[in-house]
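Now for the letters of each chain:
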Amino acid sequence: QVQLVESGGGLVQAGGSLRLSCVASGTIFGINDMGWYRQTPGKQRDLVATISTDSYRNYVDSVKGRFTISRDNAKNAVYLQMNSLKPEDTAVYYCYADIKDHTHRTYDYWGQGTQVTVSS
């Protein structure tokens, strides 16, 4: 059984910073891409950033230059450093990981979500 546990959300004023963390645990034989998505009420879950095993990073245009994704393969962890936050960044943030099982098949796993609220 694999679990992704997120932490680090909260309330911050516009211009402030937050750092989200996500750790995968359980029976893991390898992790491919990891990343972060976000969702606001009534809307679909949208990509924020992804990072590959060799740390190739991809960002949605709206966060480029403000957010930084990183990972620690030894800890099965992915992080999202969010700077210069804007009210439109307010959302529930979900981490995900493409995880390999003992048969070398891969499955997408999701965290439970963490609320980020940016006040103006």
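You'll find the structure just up there.
A word on the overall build of the chain. Along the chain, the regular secondary structure elements total zero helices and eleven strands. Beginning at the N terminus, the succession of helices and strands in the chain can be written as β-β-β-β-β-β-β-β-β-β-β. For 120 residues, the compact-globule estimate of 2.2 N^0.38 gives 14 Å, and the C-alpha radius of gyration of the chain, at 14 Å, lies within 12% of that figure. C-alpha extents for the chain along the principal axes are approximately 50 × 25 × 25 Å. Scored against the burial criterion, the 120 residues of the chain give a buried share of 39%. Considering only residue pairs separated by 6 or more positions, the chain has 55% of its internal contacts joining residues 24 or more positions apart. Taking the average location of the 12 positive side-chain charges in the chain and that of its 11 negative ones, the two points are 3 Å from each other.

This brings us to the side chain of Glu6. Following the sequence through the fold, Glu6 ends up in strand β1 (residues 2-7). A distance of 2.6 Å separates a polar atom in the side chain of Glu6 from the backbone nitrogen of Cys95. In this structure, Glu6 is in contact with Ser21, Cys22, Trp36, Tyr93, Tyr94, Cys95, Gly111, Gln112, Gly113 and Thr114, ignoring residues within four places of it in sequence.

A complete count under the given rule lists one disulfide for this structure. The disulfide partner of Cys22 is Cys95, and the S-S distance across this bridge is 2.0 Å. Taking the torsion about the sulfur-sulfur bond, which here is approximately 40°, the covalent link between Cys22 and Cys95 counts as right-handed. Of this pair, Cys22 sits in strand β3 (residues 18-26) while Cys95 sits in strand β9 (residues 91-100), and the two are 73 residues apart along the sequence. With respect to class, Cys22 is no different from Cys95; both count as buried.

Before going further, it helps to examine the sheet that holds β3. Strands belonging to one sheet form pairs held by backbone hydrogen bonds; the direction of such a pair is parallel or antiparallel. Spatially, β1-β3-β8-β7 is the arrangement adopted by the four strands of the open sheet, whose pairing is antiparallel. Where the open sheet ends on each side, the last strands, each with one partner, are β1 and β7 (67-72). Adjacent strand axes in the sheet meet at a mean angle of 15°, parallel and antiparallel pairs treated alike. Note that β7 and strand β8 (residues 77-82) share six bridges and pair antiparallel. Residue pairing in the sheet places Asp72 in a bridge with Ala77 of β8.

Let us look at the pattern of salt bridges. Any two side chains of opposite charge can pair, so long as their charged atoms come close to each other. Scanning the entire structure with this criterion turns up three salt bridges. For the salt bridge of Asp89 with Arg38, the shortest nitrogen-to-oxygen distance reads 3.0 Å. A residue pair is termed long-range when its members are at least 10 positions apart, and Asp89 in the loop between β8 and β9 and Arg38 in strand β4 (residues 31-39) qualify at 51 residues. Here Asp89 falls in the buried class, since its relative accessible area comes to 1%. Residue Arg38 is classed as buried on the basis of its relative accessible area, which comes to 13%.

About the criteria used
- Throughout this description, residue numbers start from 1 for each chain and increase along the sequence as written.
- Local features in a predicted model are, by the rule used here, given only for residues with pLDDT of at least 70; side-chain atom pairs are given and counted only at 80 or more, and totals for whole chains, interfaces and linings are based on all residues.
- Neither water nor hydrogens contribute to the side-chain values; these are computed over all heavy atoms in the structure.
- We count a stretch as a helix when DSSP gives it H or I for four or more residues in a row; a strand needs E for two or more, and each element gets its number in order from the N terminus.
- Radius of gyration: over C-alpha atoms. The globule rule applied is 2.2 Å multiplied by the number of residues raised to the 0.38 power.
- Only protein chains enter the accessibility calculation, which uses a 1.4 Å probe. A residue is then buried if its area is under 20% of the maximum for its type, exposed if over 50%, and partly exposed in between.
- Working rule for contacts: check all heavy atoms of both residues, and any pair within 4.5 Å makes them a contact.
- Counting rule for charge: Lys and Arg are taken as positive, Asp and Glu as negative, and neither His nor the chain ends is counted.
- The atom standing in for a charge is NZ when the residue is Lys, CZ when it is Arg, CG when it is Asp and CD when it is Glu.
- Pairs of N or O atoms within 3.5 Å make up the polar contacts considered here, provided that, within protein, one atom can donate a hydrogen while the other can accept it, and that residues adjacent in sequence are counted only when both atoms are side-chain atoms.
- Only a pair of cysteine sulfur atoms within 2.5 Å qualifies as a disulfide here.
- Strands are labelled as partners when DSSP assigns at least two bridges between them.
- Working convention: axes come from line fits to C-alpha atoms, limited for helices to the stretch in contact. Angles between N-to-C directions cover 0 to 180 degrees.
- We define a salt bridge as a contact between a side-chain nitrogen of Lys or Arg and a carboxyl oxygen of Asp or Glu at a distance within 4 Å.

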